[in-house]
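# Structural features, examined
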Amino acid sequence: MIKKIFLGLLIFLILLGFYYHDLVSYGWMQAKGQVTILMNVQDVEEVLNDPAFPDSLKSRIRLIEEIKQFGVDSLGLSPSKNYTTFYNQHGKPLIWVINASDRYRINAYKWSFPIIGTFPYKGYFDSTRAVREEKVLKQEGFDTDIGEVSAWSTLGYLKDPILSSMLRRREGSLANLILHELTHGTLFVKNDLELNENLASFVGDLGAIRFLKQKYGPESKELRTYEFSKKYNDAYSQHVLRGISKLDSLYGTFEKIKLDTSAKDILKNQVILKILNDADTLFADKKALKTKSRWDDKNLPNNAYFISYQTYKSKQNLFRNEFETKFGGDFKKYLSYLKEKYPSL
């Protein structure tokens, strides 16, 4: 009897493995990538005591320790063992992320994972697997975008290391990144990544400004540099979000009039090109705009380009207004309120 039960269970697990082959394969690949990193990390103290490691980069590691403590003491973020180890990338990217959207609607393609829920992006430690999945999505008619990322959070399941690429960031950008990721470890709502990423982006911005003021002073070069960059990035993000509304309006007309795919793509690309090129009017000082060069038909992005702005920036005003009007700038009280309002993983 026991043998029959065991055999039945074995057959069930084999069938389950076949049915969820892609998910199992992906999980194995991700686990392998994480383990490879964790097997090759160094303790931060070991790095700081290494005379061959550049002092300029050691100062960045110490800065990360200060940012973490600031996040706990001043913002009320949860204490974390993250960023107590170091991983040297040797100049190589680690993870690639795919975004996808409907071809004629700004609507994120969602991937579902056990326990942690659904996500409007999918990460890969293997670039060839990422490209392969992107190809499949394109064949199914989705717009796609693939790119490298500089950090990610395992939500406390693993001890996230400091990546060597982080140490090249300026003070404000580094503070934003660390506080953003620590926010995920403090509050993460299942199946609502738009809320999670918008909240983490809001905390990253708010916390970075407060940290820079506290450490370097309200008139410091570090703060001015960060606020200057933030001004332009915020303006561009809001411009892109307004562009999403224009695209949605266009796609709404496709439901009322009959057009072939070629005609739809021409109209779509015309609107996208105008949105991106009109960004030039946002900036009085054109010399400050180093990364937003003019686009053309040969390098034009698609709907997937807009998904990340929707995921990370669409609720910024909501959080800011709620924080300022209801909580008078007291972030710890605001965070406590959010924890009660949104059940976290």
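Computed from a prediction, not measured in an experiment: that's the story for all the values here.

A count of helical and extended segments in the protein chain gives 12 helices and eight strands. When each of the 345 residues of the protein chain is scored for burial, the buried share is 43%. Look at the contacts in the protein chain between residues 6 or more apart in sequence, and 74% of them connect residues 24 or more apart. About 19400 Å² of surface is accessible on the protein chain, with carbon and sulfur atoms providing 55% of the total.

By secondary structure assignment, the location of glutamine 34 is in helix α2 (residues 21–38). If we skip the residues at most four places from it in the chain, glutamine 34 touches Phe125, Trp152, Thr154 and Leu158.

A complete count under the given rule lists 25 aromatic pairs for this structure. Ring centres of tyrosine 26 and tyrosine 124 lie 5.2 Å apart, and the angle between their planes is 75°; on these two criteria the pair is classed as edge-to-face. Remark: tyrosine 124 occurs in strand β6 (residues 122–124) and tyrosine 26 occurs in helix α2; sequence separation between them is 98 residues. Considering the side-chain rings of phenylalanine 119 and tyrosine 121, the 5.9 Å spacing of their centres and the 55° angle between planes classify their relative orientation as tilted. Assessed through its relative accessible area of 19%, tyrosine 121 is described here as buried. Ring pairing ties together the aromatic residues Phe202, Phe319, Phe323, Phe327, Phe331, Tyr334 and Tyr337, which thus form one cluster. It is lysine 122 that lies over the ring of tyrosine 26; its NZ or CZ is 4.3 Å from the centre.

Moving on to unusual backbone geometry. Of note in the backbone geometry, tyrosine 83 takes a positive phi value of approximately 65° without being a glycine. Following the sequence through the fold, tyrosine 83 ends up in the loop between α4 (55–75) and β2 (85–87). The class for tyrosine 83 is buried, based on a relative accessible area of 2%. With phi around 65°, asparagine 191 is a residue other than glycine that occupies positive phi space. Structurally, asparagine 191 is set in the loop between α6 (171–186) and α7 (193–216).

Attention shifts here to a nonpolar patch on the surface. A surface patch of nonpolar side chains, amounting to about 390 Å² of accessible area, comprises Leu38, Ile115, Tyr157 and Leu158. With respect to the helices, strands and loops of the structure, leucine 38 is situated in helix α2. Take leucine 38: its relative accessible area is 31%, and that puts it in the partly exposed class.

What counts, and at which threshold
Residues numbered from 1 in each chain as written. Predicted model: local features only at pLDDT ≥ 70, side-chain atom pairs only at ≥ 80, totals over all residues. Heavy atoms only, no water. Helix = DSSP H or I, 4+ residues; strand = E, 2+ residues; numbered from the N terminus. Buried < 20%, exposed > 50% of the residue type's maximum accessible area, 1.4 Å probe, protein only. Contact = heavy atoms within 4.5 Å. Areas by Shrake-Rupley, 256 points an atom, 1.4 Å probe, with all protein chains shown as cover. Phe/Tyr/Trp six-rings, centres within 6.5 Å; stacked < 30°, edge-to-face > 60°. Lys NZ or Arg CZ within 6 Å of the ring centre and 35° of its normal. Patch = residues over 30% accessible without salt bridge, like charges linked within 9 Å, V, L, I, M, F, W, Y side chains within 5 Å. Salt bridge = Lys/Arg side-chain N within 4 Å of Asp/Glu carboxyl O.

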